[in-house]
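# Examination of the molecular architecture
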Amino acid sequence: MCVKIFSNIIDRSREPVKYFAMEIDADSIPQVVVRDFGEVVRVETSSSAPSVIIVCEHASNRIPAHLNALGVTDEVLQSHVAWDPGALGVAQALLRRMPGVLVAGGVSRLVYDCNRPPDAHSAVPMKSEIYAIPGNAGLDVGARTDRVESVYRPFSRALSKQIETFSGSLAAMVTVHSFTPVFHGEARSVELGLLHGRDDRLALDMLAQRPDPAPYSIRLNEPYAASDGVAHTLDRQGVANALPNVMLEIRNDLIREPAEQEEMASFLAPWIDASVVNLAHSKGSA
Ligand SMILES: [Zn+2]
């Protein structure tokens, strides 16, 4: 069975966005509009031969209406608890600067955290930082399975599909996240974290090639590391497909406004590109 979906193409010169329809095997794409979860994943491309797949699992703070905001306040929904503020803007600005494909989540991580496997408690958190999430308390197996099948599986399948589709040109995976400047009352001085999972090549190469002097405080595996359970996408999708990969964690006070997101992407794009090329060369000469 085939269904028609719309793919959003962004021209690198920032021409008006073009849309086209294409037919794809329904079994291999996210089941868009399953129950009332709406658009749980969104794909954008800036090239027919992307070299980088950009992933933004925590792009959205949308909560499907039938979940009644999970019982949290609007203040919580606007905060880092529900999503990564600014991360999607940076990811899209990166996409405009490099031949890439972007896979972005379409619902809040409070509904399901797409950077967590289904068996992780934190995939459907009952508490986030200091906030209780009433709508996630006491979920029965059916309700939890519903989240997995309606959010995680479509997101994961869409990501796998893009990696498969562009396997001939993709050379790296970059996941884009943001973090709060103050966590549990503690100020964080790190501004940009390079995190890795089982494959540390891209993170280490970027660290070695970081601009000097760098305009940001850049650190390896801060403010999180794989031991915090944040390397799920990197390992499951990047390592499994032999794509060098890195997770970027950007302090969200640096990317609040679109102009700041553009500035961050302008800093990141040539740096990422240089390391991707570097790794491709070292692979070729090995
Ligand atoms: Zn995140």
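Residues numbered from 1 in each chain as written. Predicted model: local features only at pLDDT ≥ 70, side-chain atom pairs only at ≥ 80, totals over all residues.

The next subject is the nonpolar core. Counting residues in hydrophobic clusters, the biggest one holds 67 residues, and the most contacted among them are I54, C56, V90 and A91. Setting aside chain neighbours within four positions, we find A91 in contact with I54, C56, L102, A104 and V176. (Core = buried A, V, L, I, M, F, W, Y, C linked by C-beta atoms within 7 Å. Buried ≥ 20, exposed ≤ 12 C-beta atoms within 10 Å, placed from the backbone. Contact = placed C-beta atoms within 7 Å.)

Glycine aside, the phi torsion of most residues is negative, and most peptide linkages are trans. For the bond running from D212 to P213, omega is 0°, close enough to zero to count as cis. Counting through the fold element by element, P213 comes out in the loop between α4 (201-208) and β12 (218-220). Along the chain, E222 connects to P223 via a cis peptide bond; the corresponding omega equals 0°. Mapped onto the elements of the fold, P223 is located in the loop between β12 and α5 (232-238). Even without glycine at this site, N221 takes up a positive phi of about 55°. Tracing the chain through its elements places N221 in the loop between β12 and α5. Within the chain, A242 stands out as a residue other than glycine whose phi angle is a positive 60°. Note on placement: A242 falls in the loop between α5 and β13 (245-251). We classify A242 as exposed; it has 11 C-beta atoms within 10 Å. (Helix = DSSP H or I, 4+ residues; strand = E, 2+ residues; numbered from the N terminus.)

Moving on to helix α3 (residues 141-165). The first and last C-alpha atoms of α3 sit 34 Å apart over 25 residues, in line with the 36 Å expected at 1.5 Å per residue. Where α3 bends most, at Y152, the angle is about 30°, and the proline P154 comes one to four residues later. Every buried residue of α3 is listed here: R147, S150, V151, Y152, P154, F155, S156, A158, L159 and Q162. Where α3 is buried, its residues touch β3 (41-45), β4 (52-56), β5 (100-105) and α5. (Expected span 1.5 Å × (residues − 1). Bend = angle between axes of the 7 residues up to and from the residue.)

Relative to the helices and strands, G197 is located in the loop between β11 (192-195) and α4. Classification of G197 as buried rests on a count of 21 C-beta atoms within 10 Å. Here the alpha-carbon distance between G197 and D235, two residues 38 residues apart in the chain, equals 6.1 Å. The contact partners of G197, leaving out residues within four places of it in the chain, are A226, A231, L234, D235 and V239.

For strand β8 (residues 172-179), the buried fraction is high: eight of the eight residues fall into the buried class. The side-chain alternation of β8 yields two buried faces, one formed by A172, V174, V176 and S178 and the other by M173, T175, H177 and F179. When β4 meets β8, the two strands line up parallel, connected through four bridges. Paired with I53 across the strands is M173, a residue of β8. (Pairing = 2+ DSSP bridges.)

In this section: α4. Those residues of α4 lying buried are L202, A203 and M206. With its buried residues spanning 100° around the axis, α4 presents them on a single face. (Arc of directions from axis to C-beta.)

With that settled, the discussion passes to the confidence of the model for the protein. On average, residues of the protein carry a pLDDT of 88, and 87% of them reach 70 or more. Counted against residues more than four places away or in other chains, residues 1-24, with its pLDDT under 50, gives 33 contacts. Predicted confidence is poor over residues 29-34, with pLDDT under 50, and the contacts of this stretch with residues over four places away or in other chains come to 17 contacts. (pLDDT = per-residue confidence, 0-100.)

Another aspect to go through is the environment of M264. In this fold, M264 is placed in helix α6 (residues 258-285). In sequence terms M264 and Y216 are 48 residues apart; their C-alpha atoms lie 9.9 Å from each other. Ignoring any residue separated from it by four or fewer positions in sequence, one finds M264 in contact with V90, I250, L254 and I255.

All right, on to the pairing of β4 then. In terms of burial, β4 is a largely internal element, five of the five residues being buried. For β4 and β5, the ladder comprises five bridges, and the chain directions are parallel. Looking across to β5, one finds that V55 is bridged to V103.

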